[in-house]
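This is what each chain is made of:
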Amino acid sequence: KLDYLIVYLEAVENDPTFKKRDKDEVNDYTALLLNCYIMQEKYTKLKDFVETQDKAFQLDDIRTAIDVCCESGNSEIALFIANKKEMKEEYLKILVEMKKYKEAFRYIDNFKDDKEKFKMISKYGEIFLSISDQDDKSESQDDEGAEEKQKINYPEEIFNTCVQLIEKMQNVGPKEQNSLIDYEDILRIFSNHYVYLEKILDKILEVDNKCDNSIIHRRIELYLDNPNLEERQKIIQMIKDPKFTIRMDSNYLLVLFKIKEYNEGIVELAKIVQLKNELFLNYLQNNDFNLIKSFCVQYGYDDVNYWKQALQYFVEKLKEGDDYNKSQENLKGILNEILNIEKISPLDVLSILKSNPLITVDTFKPFLEKALNSENCGLDKDKKEFEEDYEQLMKVSQDIEDINTKYVTIRPNKCAICNVSLSLPTRHFLCGHSFHTDCFVSNVFENTKNLECPICKEKNIVFKQIIKAGKEEAESQNLGDFKEEVEKCTSRKFEIYARKLGEGIFVFKDNKIEE
């Protein structure tokens with residue numbers, strides 16, 4: 001029955017008077033005829049009608065019509081319909097399916113909307129990068145020179161397009177930038193083309209100082225995959241660059257360098273971000289005595305555990321074999337450095353050394369001798385200081401005794417403040433200093449009742465503190481002994497109270513006894 005309907009509609013279309021009817025009515029008849037062609041698979045008639053009448057926009061179900069045409073091998077008709085309806089994605093999809101890659105790429109290149117252009121490049125970029133000239137079925141020119149000009153370097157063209165989009169992104173706000181392009185989509189296009197992947201990563205890092213650290217990490221990964229040592233050296237330059245240092249994930253890179261066994265990167269990264277434990281561990285693993293020693297010299301005085309770990313390491317490394325002598329010399333070197341660290345006692349060192357039975361007395365004998373000499377020097381120094389303090393104490397005690405038992409002759413000539421000859425009224429102190437009363441009051445103390453010499457005040461403060469501390473300690477000890485004695489005594493407690501009262505551990509205040 002549809003065939004009869006087609007015959008009828010064709011007759012109506014060919015009737016000159018039909019064109020004079022209402023426009024909507026004419027369009028309805030035309031659309032019905034085109035859809036009947038589709039349903040009856042009369043593609044030849046459909047093609048002739050579409051090309052001559054230009055009525056593709058009349059179709060009710062455009063996508064169905066395009067799909068049916070493509071499935072039946074009538075891609076040209078489908079292409080024509082998609083173009084007339086400005087269905088860009090369908091039009092591009094048909095071109096790619098027809099392997100008309102040059103036409104498809106030029107079609108994308110003519111897009112004015114950057115977001116739309118990148119969407120299509122992202123979608124078909126991998127296809128363009130994988131094709132060869134033999135795969136392309138775009139219509140070629142007869143002239144060989146013109147055909148040569150038509151050849152497209154797809155990787156280079158796509159790279160240039162992506163670079164243009166990246167540069168445009170830097171001139172828009174963050175919101176527009178996020179909606180325009182995603183770096184991951186770009187990188188995905190070049191995932192199998194390392195040369196262009198490296199170039200696009202370099203471009204992103206060059207123009208975008210706020211890009212995600214994943215871009216930095218990806219670039220470093222590519223450097224690591226490159227066997228060229230000069231390329232790997234660029235990793236050190238990157239991680240030292242402040243604009244990358246503040247954004248990179250040091251923990252991620254540390255794991256990456258360990259997986260790739262990139263020792264130089266581990267050392268530099270540990271230095272840059274102050275991973276002291278990681279740096280020290282690396283030096284130990286590489287058995288580099290000079291670096292271990294310099295590290296301990298730099299950080300070991302603040303944290304002596306680094307010296308102890310270094311010592312433990314070289315103690316464990318001392319084994320029989322070709323490296324025995326070298327290990328022994330390294331151990332002696334560490335022991336020699338430890339001598340200068342007061343926080344590490346010789347006993348701590350000996351406790352570490354005893355864990356290895358191969359260590360002989362000759363190995364640590366120099367250390368022990370120097371340690372004992374150092375201890376003796378320390379004892380001599382302490383003894384000398386003690387004797388000096390004792391001598392000073394005896395002198396002070398004698399001075400106190402003399403004050404209590406002997407008279408003091410004071411013959412001052414000048415005031416100790418103004419350095420002018422003394423004239424009455426004056427102030428004199430047993431220490432030998434004298435002052436004009438006016439100088440003493442106006443320049444030293446407002447309170448004229450103060451009997452302390454201002455010249456000796458600073459020195460007296462020290463003695464006062466020592467005396468006070470001694471009294472407090474003595475009183476505390478006496479009071480503790482008193483309480484303990486009272487608690488233990490079951491009788492004659494009155495005698496204990498009387499004796500302690502005589503020793504002066506009680507103070508009378510307001511007719512009450514206080515401890």
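For the structure itself, consult the block above.
Residues numbered from 1 in each chain as written. Predicted model: local features only at pLDDT ≥ 70, side-chain atom pairs only at ≥ 80, totals over all residues. Heavy atoms only, no water.

Draft legend 1. Structural view of a negative patch on the surface. A cluster of like negative charges, contributed by D380, D382, E385, E387, E388, D389 and E391, occupies part of the molecular surface. Mapped onto the elements, D382 comes out in helix 24 (residues 361-405). (Patch = residues over 30% accessible without salt bridge, like charges linked within 9 Å, V, L, I, M, F, W, Y side chains within 5 Å. Areas by Shrake-Rupley, 256 points an atom, 1.4 Å probe, with all protein chains shown as cover. Salt bridge = Lys/Arg side-chain N within 4 Å of Asp/Glu carboxyl O. Lys, Arg positive; Asp, Glu negative; His and termini not counted. Charge placed at Lys NZ, Arg CZ, Asp CG, Glu CD. Helix = DSSP H or I, 4+ residues; strand = E, 2+ residues; numbered from the N terminus.)

Draft legend 2. Summary view of the nonpolar core. If you look at the biggest cluster of nonpolar residues, it comprises 68 residues, and the most contacted ones within it are F128, I158, F190, I200, I220 and F257. What I220 contacts, discounting residues up to four positions off in sequence, is I235, M238, I239, L253, L256 and F257. Formed by 33 residues, the second largest nonpolar core is a distinct cluster that contains F295, Y313, I341 and I344. (Core = buried A, V, L, I, M, F, W, Y, C linked by side-chain atoms within 4.5 Å. Buried < 20%, exposed > 50% of the residue type's maximum accessible area, 1.4 Å probe, protein only. Contact = heavy atoms within 4.5 Å.)

Draft legend 3. Fine view of unusual backbone geometry. In this model, L424 is joined to P425 through a cis peptide bond whose omega is -5 degrees. A positive phi angle, close to 55 degrees, is found at E261, a residue other than glycine. With relative accessibility at 70%, the residue E261 sits in the exposed group. Positive phi, normally seen in glycine, also occurs at Q274, with a value near 60 degrees.

Draft legend 4. Inspection of the layout of surface pockets at higher detail. Taken as a whole, the largest pocket spans an internal volume of roughly 1,000 Å³. In this structure, the largest pocket is lined by 26 residues; those nearest its centre are V396, I400, K459, N460 and F463. Secondary-structure elements contributing two or more residues to the lining of the largest pocket are helix 24 and helix 26 (457-488). With 11 residues, the single largest contributor to the lining of the largest pocket is helix 24. Among the residues making up the lining of the largest pocket, the classes are represented as 17 nonpolar, three polar and six charged. By volume, the second largest pocket is sized at about 340 Å³. Every residue lining the second largest pocket is counted, 16 residues in all, and those nearest its centre are L339, E342, A371, S374 and E375. Elements with a minimum of two residues in the lining of the second largest pocket: helix 23 (346-353) and helix 24. Broken down by element, the lining of the second largest pocket gets its largest block of residues, seven residues, from helix 24. Each residue belonging to the lining of the second largest pocket can be placed in one class, and the counts come to nine nonpolar, four polar and three charged. (1 Å grid on protein atoms, 1.4 Å probe; cavity = no way out; pocket = protein on both sides within 12 Å on 5 of 7 lines; lining within 4 Å. Points joined across faces, edges and corners; volume = space filled by probe spheres on them. Nonpolar A, V, L, I, M, F, W, Y, C, P; charged D, E, K, R; others polar.)

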